[in-house]
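# What the coordinates show
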Amino acid sequence: MGSSVGCGLSSGEELKKPYPIQEADLETLADNDWTGIVPIEPGGGKSPLSVFATVRSGAKVTLVVAPKNTLKNAWIKSYREFAGIEARIIGNGLKAERDALADFELGFPGVYLCSTQFMTRADISEWWGDLCIVDEALDVETPILTTKGWSTMGDLEYGDYVFDQRGNPTKVVKALPV
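Just so we're clear, the structure is a prediction, and the values are computed from it rather than from any experiment.

### Side note on the overall build of the protein chain
Scanning the protein chain from terminus to terminus reveals 5 helices and 8 strands. Element order for the protein chain, N to C, with α for helix and β for strand: α-α-β-α-β-α-β-α-β-β-β-β-β. A buried classification covers 38% of the 178 residues belonging to the protein chain. Within the protein chain, contacts between residues at least 6 apart in sequence are counted, and of these 54% link residues at least 24 apart.

Quick look at the structure:
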């Protein structure tokens, strides 16, 4: 698709493009089948990078798990601004959230957002998607199983192998000091 994201934008609207540093991260993610840990400080462009990754990966069903207070002011805004995509919040409260949850569980194409709080309480056994983005979900002291044994999130290094949701070894493609 090139370096611009045009998904859903009206004709005449200016397309957003990633910054060079985001472009490098996107290339690394693409080279690793859109799997990786990309530690970026708050305000450092995680949301736009994730939007670009969603579009470039060709994912039909994307789930973003993020703190509740970021769903509207960061994620919905970023998907709309950078790709013209209307992301939907899933949950069990408002009717719109329940409808989005049903659509997500049935596999309808779209970008779905859920809070980390909702995910920890929901029955996720039927959840699936083409791409899952997790924002600020793990503390640096969180234990992580690697192919060499247990480590912590903060101690992971480039080249380590962790396990994906299916139990397959997945290479850490970028690790920065925390």
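### Let's talk about the sheet that holds strand E1 (residues 61–66)
The parallel open sheet is built from 4 strands, whose spatial order is E2-E3-E1-E4. Edge positions in the sheet fall to strand E2 (88–89) and strand E4 (131–134), since each of these pairs with one other strand and no more. Judged from the 4 bridges that link them, E1 and E4 form a sheet pairing that is parallel. Bridge pairing in E4 places Val 64 opposite Ile 133.

### Points about the packing of aromatic side chains
Two descriptors summarise a pair of aromatic rings, namely the distance from one centre to the other and the angle between the planes of the rings. Scanning the model with the defined rule gives 5 aromatic pairs in all. Each ring, one from Phe 52 and one from Phe 82, has its centre 5.7 Å from the other, and the planes form 75 degrees; the classification is edge-to-face. Taken together, the residues span a long stretch of sequence, with Phe 52 in helix H2 (residues 46–57) and Phe 82 in helix H3 (residues 68–83) at a distance of 30 residues. Phe 52 sits in the buried class, given a relative accessible area of 0%. Three or more aromatic residues joined by ring pairs make a cluster, and in this case those are Phe 104, Tyr 112, Phe 118 and Trp 127.

### With respect to the confidence of the model for the protein chain
Looking at the protein chain, the pLDDT average stands at 83 and 86% of residues meet or exceed 70. Element-level mean pLDDT values for the protein chain span from 84 in helix H5 (residues 116–121) up to 98 in E2. Across residues 1–12 the pLDDT falls below 50, and counting only partners more than four positions away or on other chains, this stretch makes 29 contacts in the model.

### A few points about a nonpolar patch on the surface
Side chains of Leu 145, Trp 150 and Phe 163 sit close together on the surface and give an oily, nonpolar patch of about 340 Å² of accessible area. With respect to the helices, strands and loops of the structure, Trp 150 is situated in strand E6 (residues 149–152). Judged by relative accessible area, which is 64%, Trp 150 ranks as exposed.

### Considerations on the side chain of Ser 151
With respect to the secondary-structure elements, Ser 151 resides in strand E6. Ignoring any residue separated from it by four or fewer positions in sequence, one finds Ser 151 in contact with Thr 142, Pro 143, Ile 144, Thr 146 and Leu 156.

So, how was this worked out
Residues numbered from 1 in each chain as written. Predicted model: local features only at pLDDT ≥ 70, side-chain atom pairs only at ≥ 80, totals over all residues. Heavy atoms only, no water. Helix = DSSP H or I, 4+ residues; strand = E, 2+ residues; numbered from the N terminus. Buried < 20%, exposed > 50% of the residue type's maximum accessible area, 1.4 Å probe, protein only. Contact = heavy atoms within 4.5 Å. Pairing = 2+ DSSP bridges. Phe/Tyr/Trp six-rings, centres within 6.5 Å; stacked < 30°, edge-to-face > 60°. pLDDT = per-residue confidence, 0-100. Patch = residues over 30% accessible without salt bridge, like charges linked within 9 Å, V, L, I, M, F, W, Y side chains within 5 Å. Areas by Shrake-Rupley, 256 points an atom, 1.4 Å probe, with all protein chains shown as cover. Salt bridge = Lys/Arg side-chain N within 4 Å of Asp/Glu carboxyl O.

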